[in-house]
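# Topology and contacts: notes
What follows is the residue order along each chain.
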Amino acid sequence: MGVQAPADLSAALERLSERLRGLGLRLAVPEAEQARRARDELVDQIDDYLLPRLRQMDAPLLMVVGGSTGAGKSTLVNSLVGAEVSPAGVLRPTTRSPVLACHPDDLRWFADDRVLGGMSRTTGGEAGPGGLQLAPTPALPAGLALLDSPDIDSVVESNRALARQLLAAADAWLFVTTAARYADAVPWELLHAARDRGTALSLVLDRVPPEGTAEVAAHLREMIAENGLEGAELLVVPETRLEDGRLPPAALAPVREWLDALAADAQARAGLVRRTLTGALDSLPGRVGHVRDVVADQDAEAARLGSEVESAYGRALEEIDEAVRSGALLRGEVLARWHDVVGTGDLMRALESRLGRLRDRVRAFVTGAPQADAELRAAVQSSVDAVVHAAADRAAERAAAAWRGRPAGRELLHDAARLDSASGDLVDRTRDEVRAWQGHVFDLVSREAAGRRTTARVASLGVNGAGLVVMLAVFAQTGGLTGAEVAVAGGTSAVGQRVLEALLGDQAVRTLADKAREDLLVRAGRLLDAEAGRFHARLDEAAPAPDELAGLDEASAALEGAR
Ligand SMILES: Nc1nc2c(ncn2[C@@H]2O[C@H](COP(=O)(O)OP(=O)(O)OP(=O)(O)O)[C@@H](O)[C@H]2O)c(=O)[nH]1
Ligand SMILES: [Mg+2]
């Protein structure tokens, strides 16, 4: 283990960081929020700490001074440096942008973007937002830099985020708390993070009233042990009057001595760096594993939401199929227009003798009465429209209801164009599709007619007439129903299967109607696919990309290999 092959290790870390950055982590599954945060912290730690540190093992030790607002971080840094490098103040929070104090010879390590590359550097004055102020000072020994951080529990959100980022970039933490606040929750949360990442940690217990020193220090030591931080140094600074805004030497002595010892001992510093480095590397698999689990959950959730949509729209296609087969399309307007053609008389009884006349009427209808022909076609059209639209509405409702039943789906439906009914342009697209279907049926009929026994019949009806007969047959072909049911389903016997069969020949009608129905369902399926596509598009935007999980696994394995 360790740092034997930095080049491989760096490459593997870069790849892992890239993979982590590429994760969407958007779908609302349990722990998604935590995973996003864990991911951000991992990326920060790899980019801001592990990579720069591995590249330059001899860079100075970066000690980040962190803690609650008003704990006295800036005062402590100023006191150690012997100059006001970072203004302390009574207004909370005071420090908004970090100040990095180091020996002038060490400045080169921090002037470029090796660490905290995203932050612009300033010297000789306070840095603006997103900036890092560099304060060179001979008061600090070479090899050890102190960074005064904004507070960790700020009301200023950017402060909190920044503090966490700075702590992630540290070789070691100098965590400042006070006798009044050492039991606050937020600092402990961060201390746990230090523990889990193996970061070297020292605590300053500041502003301890003289009469309570032993008691408070003992209690904090207990908490340190209870929280699994046994190795952490505890430095106690008694409450005193500040002199010129700085701690008097006697009060500062414990921290000063500890820091001097570290400054004097290059090996101890290197040991600290290695400890944090190794700890951070050791912590990666577990932390990445947690994020990975959430990505896997999101994959599973996406599959579940996707299949809800599929089943809602699959059922819609079945409904359309049923409506077509049940003869439901042959009611109302279609039937009325058909009666215009064939009359409503006792057709069935006189079928044989009147067939010739009936053919003539169909033919005359489509050739001589373009208006009425168009009306019948339009009736067929709108009745198919209605069925498709109703099925699409119901499917949208079902899919949306299923999504609403799951937090991830609920979030996808939230705040966007409504999806719980058919889309606004379905009417137009259905009309186009049905028109195309009608064209297809006419093609079918003319192709079928070529060189067959049906030729004469088709000829006697005309292609348009025969086409209409086939369309009606599609709606009248109630496979499996009995004669009585056919009559009911077909609305009246006048449009029954037998009339249509008689007109075009039963075999021809059946074959053509089958083909025509198949084609109609393909088209309906296409329309429904587009409708379902609205859900899928939204899901795809939030769901993990197809290669996220594999990419993460591959990067994790490569990292393991490189160590
Ligand atoms: N009497 C006394 N006052 C202190 C001591 N340490 C800090 N102060 C005062 O407490 C206030 C806050 O100190 P800062 O050093 O600004 O605290 P900080 O942790 O840097 O706070 P932020 O920058 O807001 O995160 C200032 O008014 C300091 O003068 C101390 O040891 N004794
Ligand atoms: Mg401060």
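Check the entry above for the structure.
Keep in mind the model is a prediction, meaning the values are calculated, not measured. (Residues numbered from 1 in each chain as written. Chains lettered and ligands numbered in written order. Predicted model: local features only at pLDDT ≥ 70, side-chain atom pairs only at ≥ 80, totals over all residues. Heavy atoms only, no water.)

When helices and strands are counted, the protein chain shows 19 helices and eight strands. Scaling as 2.2 N^0.38, a compact globule of 563 residues should have a C-alpha radius of gyration of about 24 Å, whereas the protein chain reaches 39 Å, well beyond that. Structurally, the protein chain occupies a C-alpha span of about 125 × 45 × 40 Å along its principal axes. Residues classed as buried in the protein chain amount to 53% of the 563 residues present. As displayed, the protein chain offers around 24300 Å² of accessible surface, 51% of which is attributable to carbon and sulfur atoms. (Helix = DSSP H or I, 4+ residues; strand = E, 2+ residues; numbered from the N terminus. Rg over C-alpha atoms; globule rule 2.2 N^0.38 Å. Buried < 20%, exposed > 50% of the residue type's maximum accessible area, 1.4 Å probe, protein only. Areas by Shrake-Rupley, 256 points an atom, 1.4 Å probe, with all protein chains shown as cover.)

Moving on, we get to the packing of helix α5 (residues 157-168) against helix α6 (residues 185-197). The contact between α5 and α6 brings their axes to 11 Å, and the two run at 25°. Here α6 runs roughly parallel to α5, going by the angle between their axes. Along this stretch, α5 crosses α6, giving a crossing that reads as right-handed. Facing α5, whose interface residues are Arg164, Leu167 and Ala168, α6 presents Val186, Glu189, Leu190 and Arg197. Grouping the constituent residues of the contact of α5 with α6 by class yields four nonpolar, no polar and three charged. (Axes fitted to C-alpha atoms, helices over the stretch in contact; angles between N-to-C directions. Parallel < 35°, antiparallel > 145°, perpendicular 65-115°, else oblique. Left-handed = near helix turned anticlockwise from the far one by under 90°. Contact = heavy atoms within 4.5 Å. Nonpolar A, V, L, I, M, F, W, Y, C, P; charged D, E, K, R; others polar.)

Let us now look at helix α3 (residues 73-81). Among the nine residues in α3, nine count as buried, and that is most of the element. Those residues of α3 not exposed but buried are Lys73, Ser74, Thr75, Leu76, Val77, Asn78, Ser79, Leu80 and Val81. Those residues of α3 hidden inside the fold are in contact with β1 (61-67), β2 (99-102), β5 (144-148), β6 (172-178), β7 (200-208) and α8 (249-264). Residue glycine 82 follows α3 closely and has a positive phi angle near 75°.

Among the nonpolar cores identified, the biggest contains 74 residues, and Tyr313, Ile320, Trp437, Phe475, Leu504 and Phe535 are the most heavily contacted of them. The greatest single-element share of this core, amounting to 14 residues, is contributed by helix α12 (residues 370-404). One finds Val43, Leu54, Leu144 and Leu277 within the second-largest nonpolar core, a separate group that totals 63 residues. (Core = buried A, V, L, I, M, F, W, Y, C linked by side-chain atoms within 4.5 Å.)

Within the structure, ligand 1 sits among 22 residues, and Thr69, Lys73, Thr75, Thr94 and Thr95 are positioned closest to it. The side chain of threonine 69 places a nitrogen or oxygen atom 2.6 Å from an oxygen atom of ligand 1. With respect to ligand 1, the backbone of glycine 72 contributes an N or O atom lying 3.0 Å from an oxygen atom. Surface burial for ligand 1 is 89%, taken as the share of its 650 Å² of free accessible area covered by protein chains. Taken together, the elements giving at least two residues each to the shell around ligand 1 come down to α3 and β7. (Near = heavy atom within 4 Å. Polar contact = N/O pair within 3.5 Å; in protein donor to acceptor, adjacent residues only side chain to side chain.)

So, on to the coordination of the magnesium ion (ligand 2). Surrounding the magnesium ion (ligand 2) are the protein donor atoms Ser74 (OG) and Thr95 (OG1), at 2.0 to 2.1 Å. With serine 74 in helix α3 and threonine 95 in the loop between α3 and β2, the pair connects residues that are 21 residues apart, well separated along the chain. Since its relative accessible area comes to 11%, threonine 95 is described here as buried. (Donors = N, O, S within 2.8 Å, 3.2 Å for Na, K, Ca; no water.)

Attention shifts here to unusual backbone geometry. The omega angle of the peptide bond from arginine 92 to proline 93 is -15°, so this bond is cis rather than trans. On the secondary structure map, proline 93 appears in the loop between α3 and β2. One non-glycine residue with positive phi stands out, namely leucine 116, at about 50°. With respect to the helices and strands, leucine 116 occurs in the loop between α4 (107-111) and β3 (120-123).

Our focus in this paragraph is the pattern of salt bridges. For the coordinates displayed, the defined rule picks out 30 salt bridges. For arginine 39, the salt bridge identified is with aspartate 40, shortest N-O distance 3.0 Å. For aspartate 40, a relative accessible area of 39% puts it in the partly exposed group. The partner of glutamate 319 in a salt bridge is arginine 398, with the nearest N and O atoms 3.2 Å apart. (Salt bridge = Lys/Arg side-chain N within 4 Å of Asp/Glu carboxyl O.)

Time to look at the side chain of glutamine 298. Tracing the sequence through the fold places glutamine 298 in helix α9 (residues 266-325). Not counting the four nearest positions on each side in its chain, glutamine 298 is found in contact with Leu25, Arg26, Leu27, Val29, Ala32 and Pro544.

Spanning 24 residues, helix α2 (residues 32-55) covers 32 Å between terminal C-alpha atoms, matching the ideal 34 Å at 1.5 Å per step. Bending of α2 peaks at approximately 35° at the position of isoleucine 46. (Expected span 1.5 Å × (residues − 1). Bend = angle between axes of the 7 residues up to and from the residue.)

We now examine the environment of glutamate 333. Following the sequence through the fold, glutamate 333 ends up in helix α10 (residues 332-342). Considering only alpha carbons, one finds glutamate 333 and arginine 197, 136 residues apart in sequence, at a separation of 74 Å.

Here we have eight strands laid out as an open sheet, ordered β3-β4-β2-β5-β1-β6-β7-β8, and mixed in their pairing. With partners counted over all chains shown, the strands left at the sheet margins are β3 and β8 (233-238), one partner each. Along the sheet, successive strands turn relative to each other by an average axial angle of 25°, direction set aside. Where β1 and β6 come together, five bridges link them in parallel fashion. Pairing of methionine 63 across the sheet is with alanine 172, part of β6. Strands β6 and β7 of the sheet are contacted by α6, whose axis makes an angle of about 160° with β6. (Pairing = 2+ DSSP bridges.)

Our focus in this paragraph is the pairing of β6. Judged by how many residues are buried, β6 sits mostly within the fold: seven of seven residues are covered. Residues Ala172, Leu174, Val176 and Thr178 line one face of β6 and the alternating positions Trp173, Phe175 and Thr177 line the opposite face, and both faces are buried. Here β6 pairs with β7 via seven bridges, running parallel. Directly across from alanine 172, in β7, lies its bridge partner alanine 200. After leaving β6, the chain enters α6 and then returns to the sheet as β7, a path that is right-handed. (Right-handed = clockwise from strand over helix to strand, strands pointing away.)

With that settled, the discussion passes to the environment of arginine 404. When you line up the elements, arginine 404 lands in helix α12. For the pair arginine 404 and arginine 534, spaced 130 residues apart in the sequence, the C-alpha separation amounts to 16 Å. Apart from the residues lying within four places of it in its own chain, the contact partners of arginine 404 are Arg410, Leu413 and Asp420.

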